[in-house]
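The chain contents come next:
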Amino acid sequence: MIFGRSERGKPPVEPVTLKILVAGGFGVGKTTLVGAVSEIRPLRTEEYLTEAGRPVDDLTGVERKHTTTVAMDFGRITLREGLVLYLFGTPGQERFWFMWDELSEGALGAVVLADTRRLEDCFAAVDYFERRSIPFLVGVNCFEGAPRYPAEEVRRALDLDDGVPVVLCDARDRGSAKDILVGVVQHAMEYAGDRRRAVTT
């Protein structure tokens, strides 16, 4: 680029686009994280919780939550020039899990958000990505008033492999959420490199 313009005769370079999933249990902050970092107005498919859903929607720990994602969240962030992430937030409730297979198609990696008050709610997401060999990072969303534990304690509680990154974050904070996304891209690249080396040796 010269003075902000493409060099004469050279077409603009198409950016590399990568697909990242944001998963986890109900009310863990997936919609919040996508909204915090997206440089476009995020697409949200939220509906209000109703009395009919009370028997299946466990609101323990998230009693103030009034809406739920019924399909997906979508956002976009440019990490650096030429590298764009498309973010897909998965629905957290079990009755919408059938959508995960569609959303995970072509994904480079995933963020699994965890809430220490409801840590068991992210087991399904961890299991899903482990079974499909999709590299993932666990982001512990530090809610106000929630117990704080060192990353290694969370790792043991979730029975994660040593290679799975576990980081503390605040899904509301753009900088914190961006750090999570940089981390999952780096982890996914390393994971892909390790797999390639394992095949060639």
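Just above sits the structure.
Model, not experiment: these values are computed from the prediction.

(A) Spatial organisation of the environment of Val22. Within the secondary structure, Val22 is located in strand β1 (residues 16-24). Among the residues examined, Val22 registers a relative accessible area of 0% and is labelled buried. Between the alpha carbons of Val22 and Val111 there is a distance of 4.8 Å; along the sequence they are 89 residues apart. Setting aside residues up to four positions removed in sequence, Val22 forms contacts with Lys30, Leu33, Val34, Phe88, Gly89, Thr90, Val111 and Leu113.

(B) The arrangement of the packing of aromatic side chains in detail. Inspection of the entire model under this criterion finds six aromatic pairs. With a centroid separation of 5.8 Å and 35° between ring planes, the pair formed by Phe74 and Tyr86 is classed as tilted. Of the two residues, Phe74 sits in strand β3 (residues 67-80) while Tyr86 sits in strand β4 (residues 83-89), which places them 12 residues apart along the sequence. One aromatic cluster in this structure is built from Trp100, Tyr128, Phe129 and Phe136. Over the aromatic face of Phe88 sits the side chain of Lys19, whose NZ or CZ is 4.8 Å from the ring centroid. Taking the ring centre of Tyr128 as reference, the NZ or CZ of Arg132 above it sits at 3.7 Å.

(C) How the structure looks around the environment of Glu130. With respect to the helices and strands, Glu130 occurs in helix α3 (residues 123-131). Taking the C-alpha atoms as reference, Glu130 lies 9.7 Å from Asp161; in sequence the two are 31 residues apart. Sequence-distant contacts of Glu130, that is, excluding residues within four places in its chain, are made with Phe136 and Leu160.

(D) Structural view of the state of the cysteines. Summed over the entire model, instances satisfying the criterion amount to zero disulfides. With no disulfide of its own, Cys142 has Cys169 as its nearest cysteine by sulfur position, at a separation of 6.4 Å. With relative accessibility at 15%, the residue Cys142 sits in the buried group.

(E) Just the pattern of salt bridges, in detail. Throughout the structure, instances matching the rule amount to nine salt bridges. The partner of Arg172 in a salt bridge is Glu144, and the shortest N-O contact between them spans 3.5 Å. With Arg172 in the loop between β7 (166-169) and α5 (174-200) and Glu144 in the loop between β6 (136-141) and α4 (151-158), this pair connects stretches of sequence that are 28 residues apart. One exposure class covers both Arg172 and Glu144, and it is exposed. One salt-bridge network, in which partners are shared between bridges, spans Glu144, Asp170 and Arg172.

Reading the values: the criteria
- Residues numbered from 1 in each chain as written.
- Predicted model: local features only at pLDDT ≥ 70, side-chain atom pairs only at ≥ 80, totals over all residues.
- Heavy atoms only, no water.
- Helix = DSSP H or I, 4+ residues; strand = E, 2+ residues; numbered from the N terminus.
- Buried < 20%, exposed > 50% of the residue type's maximum accessible area, 1.4 Å probe, protein only.
- Contact = heavy atoms within 4.5 Å.
- Phe/Tyr/Trp six-rings, centres within 6.5 Å; stacked < 30°, edge-to-face > 60°.
- Lys NZ or Arg CZ within 6 Å of the ring centre and 35° of its normal.
- Disulfide = S-S within 2.5 Å.
- Salt bridge = Lys/Arg side-chain N within 4 Å of Asp/Glu carboxyl O.

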